[in-house]
Amino acid sequence: MTQTDAGPATLHFADGEFAVLKRGDFVACAVSGRPIPLQILRYWSVERQEAYAGPGEALQRLVTAR
């Protein structure tokens, strides 16, 4: 990564993939606020267009969004 990649990325989440709209090296978890490096990002919501640090955060958001 280059210096221009340092900082948060902006992503568009789709089923099974995401597109980088603004380059960066991480996104923030929508539940915890914790930074998630793009190379380990595995959990997100297409409907809400938000990322989660792990399955626990994804489940927590699903339960609280009802």
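As a reminder, the structure under discussion sits directly above these lines.
Residues numbered from 1 in each chain as written. Predicted model: local features only at pLDDT ≥ 70, side-chain atom pairs only at ≥ 80, totals over all residues. Heavy atoms only, no water.

A. The arrangement of a nonpolar patch on the surface in detail. Judged by side-chain polarity, Leu59, Leu62 and Val63 come together as a nonpolar surface patch covering roughly 280 Å² of accessible area. By the secondary structure assignment, Leu62 is in helix H1 (residues 55–64). Given a relative accessible area of 42%, Leu62 falls into the partly exposed group. (Patch = residues over 30% accessible without salt bridge, like charges linked within 9 Å, V, L, I, M, F, W, Y side chains within 5 Å. Areas by Shrake-Rupley, 256 points an atom, 1.4 Å probe, with all protein chains shown as cover. Salt bridge = Lys/Arg side-chain N within 4 Å of Asp/Glu carboxyl O. Helix = DSSP H or I, 4+ residues; strand = E, 2+ residues; numbered from the N terminus. Buried < 20%, exposed > 50% of the residue type's maximum accessible area, 1.4 Å probe, protein only.)

B. Focus on the pattern of salt bridges. Considering all chains together, one arrives at 1 salt bridge under this definition. Of the charged contacts in the structure, one is a salt bridge between Glu50 and Arg61, with a shortest N-O distance of 2.6 Å. You can see Glu50 sitting in strand E6 (residues 50–52) and its partner Arg61 sitting in helix H1, a full 11 residues away along the chain. For Glu50, a relative accessible area of 15% corresponds to the buried category.

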